[in-house]
Amino acid sequence: GAVVSQHPSWVICKSGTSVKIECRSLDFQATTMFWYRQFPKQSLMLMATSNEGSKATYEQGVEKDKFLINHASLTLSTLTVTSAHPEDSSFYICSAEETTRETQYFGPGTRLLVL
Amino acid sequence: AQSVTQPDIHITVSEGASLELRCNYSYGATPYLFWYVQSPGQGLQLLLKYFSGDTLVQGIKGFEAEFKRSQSSFNLRKPSVHWSDAAEYFCAVAGNNQGGKLIFGQGTELSVKP
């Protein structure tokens, strides 16, 4: 149980285009999902907290107009990187909080490469 | 402010040897503590967690961790390491009034030599 999927696992795009990443909790409902960014050989950096049916809460320094988050249902959150640039290239990981266990379960990550 | 420190960036152990990965935290109240493992290019898998109760916690894959309040530590241990344990290990802390936010340590990369 407690499986989280992400799609796509890999994406390559041209600079200036937008990319959408989906995060799904497959066997549980998640009121809260989190989006992280991870640079090579580094820890995870929390970008934003996504609550179902409300606006996401962004961490300091994260541009909310750049990284659009939508959490339309209890099993799906999406992160859209708008007008992507090479510096947005990174590994993006989502997690979903299984409320009854007060535990975050992580997706497999999405590697984004912006050319 | 809450923080998590993993003092060892990289550890190498021989297959079959015992393992201890260190984790120290700074948190005002009793924290929720987690250990996650990440294989290259993958997401994080939960190994174990501590919320309350018995301070020695058993996890998956033969791992265990011990919460020591006096030392603000939550070290991860395994009596006999397997080559497949080579990965990055993250310690994390959450507060029960932090909206579920996790604060991660820097990670410890484990290499296993035959």
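Residues numbered from 1 in each chain as written. Chains lettered and ligands numbered in written order. Predicted model: local features only at pLDDT ≥ 70, side-chain atom pairs only at ≥ 80, totals over all residues. Heavy atoms only, no water.

Caption draft 1: Representation of the sheet that holds strand β7 (residues 67-73) of chain A within the structure. Residues and elements named next belong to chain A. Strands sit in the order β1-β3-β8-β7 across an open sheet of four strands; the sheet is antiparallel. The sheet is open, and its two edges are formed by β1 (4-7) and β7, each paired on a single side. Taken pair by pair, the neighbouring strands of this sheet meet at an average axis angle of 15 degrees, ignoring direction. With four bridges connecting them, β1 and strand β3 (residues 19-25) associate as antiparallel partners. Bridge pairing in β3 places Ser 5 opposite Arg 24. (Pairing = 2+ DSSP bridges. Helix = DSSP H or I, 4+ residues; strand = E, 2+ residues; numbered from the N terminus. Axes fitted to C-alpha atoms, helices over the stretch in contact; angles between N-to-C directions.)

Caption draft 2: Local environment of the environment of Phe 39 of chain A. Residue and element names in this part refer to chain A. Looking at the element boundaries, Phe 39 is found in the loop between β4 (32-38) and β5 (44-51). Taking the C-alpha atoms as reference points, Phe 39 and Glu 52, separated by 13 residues in sequence, lie 27 Å from one another. Beyond its immediate sequence surroundings of up to four residues, Phe 39 is in contact with Ser 89 and Ser 90. (Contact = heavy atoms within 4.5 Å.)

Caption draft 3: Expanded view of the interface of chain A and chain B. Taken residue by residue, the interface counts 22 residues in chain A and 20 residues in chain B. Between chain A and chain B the total buried area reaches about 1500 Å² when both faces are included, carbon and sulfur atoms providing 52% of it. It is Ser 43, Glu 102 and Phe 106 of chain A in chain A that bury the most area against chain B; as a group they hold 28% of the surface buried on that side. Linking Glu 109 of chain B and Lys 41 of chain A is a salt bridge whose minimum nitrogen-to-oxygen distance equals 3.6 Å. For the pair chain A and chain B, the interface holds six residue pairs in polar contact (both at pLDDT 80 or more). Among the elements that take part in the side of chain A that touches chain B, strand β10 (residues 103-106) of chain A stands out by supplying four residues, more than any other. Tallied by class, the residues present in the side of chain A that touches chain B amount to nine nonpolar, seven polar and six charged. (Buried area = accessible area lost by both parts, 1.4 Å probe. Salt bridge = Lys/Arg side-chain N within 4 Å of Asp/Glu carboxyl O. Polar contact = N/O pair within 3.5 Å; in protein donor to acceptor, adjacent residues only side chain to side chain. Nonpolar A, V, L, I, M, F, W, Y, C, P; charged D, E, K, R; others polar.)

Caption draft 4: Fine view of unusual backbone geometry. The step from His 7 of chain A to Pro 8 of chain A runs through a cis peptide bond, and the omega angle for that step is 0 degrees. Here Pro 8 of chain A is to be found in the loop between β1 and β2 (10-13). Phi angles above zero are rare outside glycine, and Ser 72 of chain B is one such case at about 50 degrees. Topologically, Ser 72 of chain B is positioned in the loop between β8 (64-68) and β9 (73-78).

Caption draft 5: Representation of a nonpolar patch on the surface in the model. Together, Trp 10, Ile 12, Leu 113 and Leu 115 of chain A line one region of the surface with nonpolar side chains, adding up to about 450 Å² of accessible area. In this fold, Ile 12 of chain A is placed in strand β2. (Patch = residues over 30% accessible without salt bridge, like charges linked within 9 Å, V, L, I, M, F, W, Y side chains within 5 Å. Areas by Shrake-Rupley, 256 points an atom, 1.4 Å probe, with all protein chains shown as cover.)

Caption draft 6: The pairing of strand β5 (residues 32-38) of chain B, seen in detail. Residues and elements named next belong to chain B. Counting buried residues in β5 gives seven out of seven residues, a clear majority hidden from the surface. Burial of β5 is two-sided: the residues Tyr 32, Phe 34, Tyr 36 and Gln 38 facing one way and the residues Leu 33, Trp 35 and Val 37 facing the other way are all buried. Strand direction decides the pairing type here: β5 and strand β10 (residues 87-94), joined by seven bridges, are antiparallel. Bridge pairing in β10 links Gln 38 to Glu 88. Across six bridges, the pairing between β5 and strand β6 (residues 44-50) is antiparallel. (Buried < 20%, exposed > 50% of the residue type's maximum accessible area, 1.4 Å probe, protein only.)

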